[in-house]
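Chain by chain, the residues:
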Amino acid sequence: PGLYESGKDKELTVFELRFIKPNSGRYIGSAAMHSIEHILAVLLRNSHRGGDIVYFGPMGCRTGFYLITRNIDIESLKKLLIECCSKAQNMDSVPGATRKECGNYKEHNLTAAKKHLNNFIRHI
């Protein structure tokens, strides 16, 4: 688990946010994964660095997420992620989890998402 830079060009950087050790036999449950995707996508896009967030989405293996940024170094990203994961702990609902906004609005687990987010910040 942790934050890793996995690719870079002139201005874009791909980061891996690993919540679970790959191939460990443990994975993030689908409902928690879906909730984390909604939570971090909203918090990152609405942060002071929102204009530098290009993409945030899940890894198919359900061990973490990909984040593509523009001109954000890893140390600045760590601070931003800690800030966003901390804000998530105070959320009472998953953003964008209505029938109108989400194609699978019934599959969310805020409690499990918060646990995974809290654990992740301990690894970065």
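Residues numbered from 1 in each chain as written. Predicted model: local features only at pLDDT ≥ 70, side-chain atom pairs only at ≥ 80, totals over all residues. Heavy atoms only, no water.

Draft legend 1. Looking closely at the environment of Ile20. By the element assignment, Ile20 lies in the loop between β2 (12–18) and α1 (30–45). Ile20 sits in the buried class, given a relative accessible area of 2%. Taking C-alpha positions, Ile20 is 13 Å from Ala32, a pair spaced 12 residues apart along the chain. Ignoring any residue separated from it by four or fewer positions in sequence, one finds Ile20 in contact with Pro1, Arg26, Tyr27, Ile28, Thr63 and His116. (Helix = DSSP H or I, 4+ residues; strand = E, 2+ residues; numbered from the N terminus. Buried < 20%, exposed > 50% of the residue type's maximum accessible area, 1.4 Å probe, protein only. Contact = heavy atoms within 4.5 Å.)

Draft legend 2. How the structure looks around the pairing of strand β3 (residues 53–58). In the sheet, β3 pairs with strand β4 (residues 64–70) via five bridges, with the strands oriented antiparallel. Note on β4: the bridge partner recorded for Gly57 is Tyr66. A loop of five residues connects β3 with β4, the two strands running antiparallel in sequence, and Arg62 in this loop sits at a positive phi of about 65°. (Pairing = 2+ DSSP bridges.)

Draft legend 3. View of the environment of Phe15. Along the polypeptide, Phe15 turns up in strand β2. Through-space distance from the C-alpha of Phe15 to that of Tyr4 is 5.5 Å; in sequence the pair is 11 residues apart. In this structure, Phe15 is in contact with Leu3, Tyr4, Glu5, Ser6, Phe65, Tyr66, Leu67, Thr69, Ile72, Asp73, Ile74 and Leu77, ignoring residues within four places of it in sequence.

Draft legend 4. The packing of aromatic side chains, seen in detail. Within this structure, the stated rule accounts for three aromatic pairs. Ring centres of Phe19 and Phe65 lie 5.3 Å apart, and the angle between their planes is 70°; on these two criteria the pair is classed as edge-to-face. Of this pair, Phe19 sits in the loop between β2 and α1 while Phe65 sits in strand β4, placing them 46 residues apart in sequence. Phe65 carries the same exposure label as Phe19, and that label is buried. Between Phe19 and Phe120 the ring centres are 4.4 Å apart and the planes differ by 5°, which places this aromatic pair in the stacked class. (Phe/Tyr/Trp six-rings, centres within 6.5 Å; stacked < 30°, edge-to-face > 60°.)

Draft legend 5. Spotlight on a nonpolar patch on the surface. On the surface, Val54, Tyr55 and Tyr66 cluster together to form a nonpolar patch covering roughly 250 Å² of accessible area. As for its position among the elements, Val54 is in strand β3. When its relative accessible area of 39% is taken as the criterion, Val54 is described as partly exposed. (Patch = residues over 30% accessible without salt bridge, like charges linked within 9 Å, V, L, I, M, F, W, Y side chains within 5 Å. Areas by Shrake-Rupley, 256 points an atom, 1.4 Å probe, with all protein chains shown as cover. Salt bridge = Lys/Arg side-chain N within 4 Å of Asp/Glu carboxyl O.)

Draft legend 6. Region of interest: the sheet that holds β3. The strand order across the open sheet built from four strands is β1-β2-β4-β3, with neighbouring strands paired in antiparallel fashion. The open sheet terminates on both sides in strands that have one partner only, identified here as β1 (2–8) and β3. For this sheet, the mean angle separating the axes of adjacent strands, direction not counted, is 20°. Its contacts with the sheet put α1 on β2, β3 and β4, and the angle it makes with β3 is roughly 170°. (Axes fitted to C-alpha atoms, helices over the stretch in contact; angles between N-to-C directions.)

Draft legend 7. Region of interest: the pattern of salt bridges. Enumeration according to the criterion identifies five salt bridges in this entry. Across the pair Arg18 and Glu16 runs a salt bridge, and its minimum N-O distance is 3.1 Å. Here Glu75 makes a salt bridge to Lys78, at a shortest N to O gap of 3.4 Å. With a gap of three residues between them, Glu75 and Lys78 both fall in helix α2 (residues 74–88), about one helical turn apart. Since its relative accessible area comes to 45%, Glu75 is described here as partly exposed.

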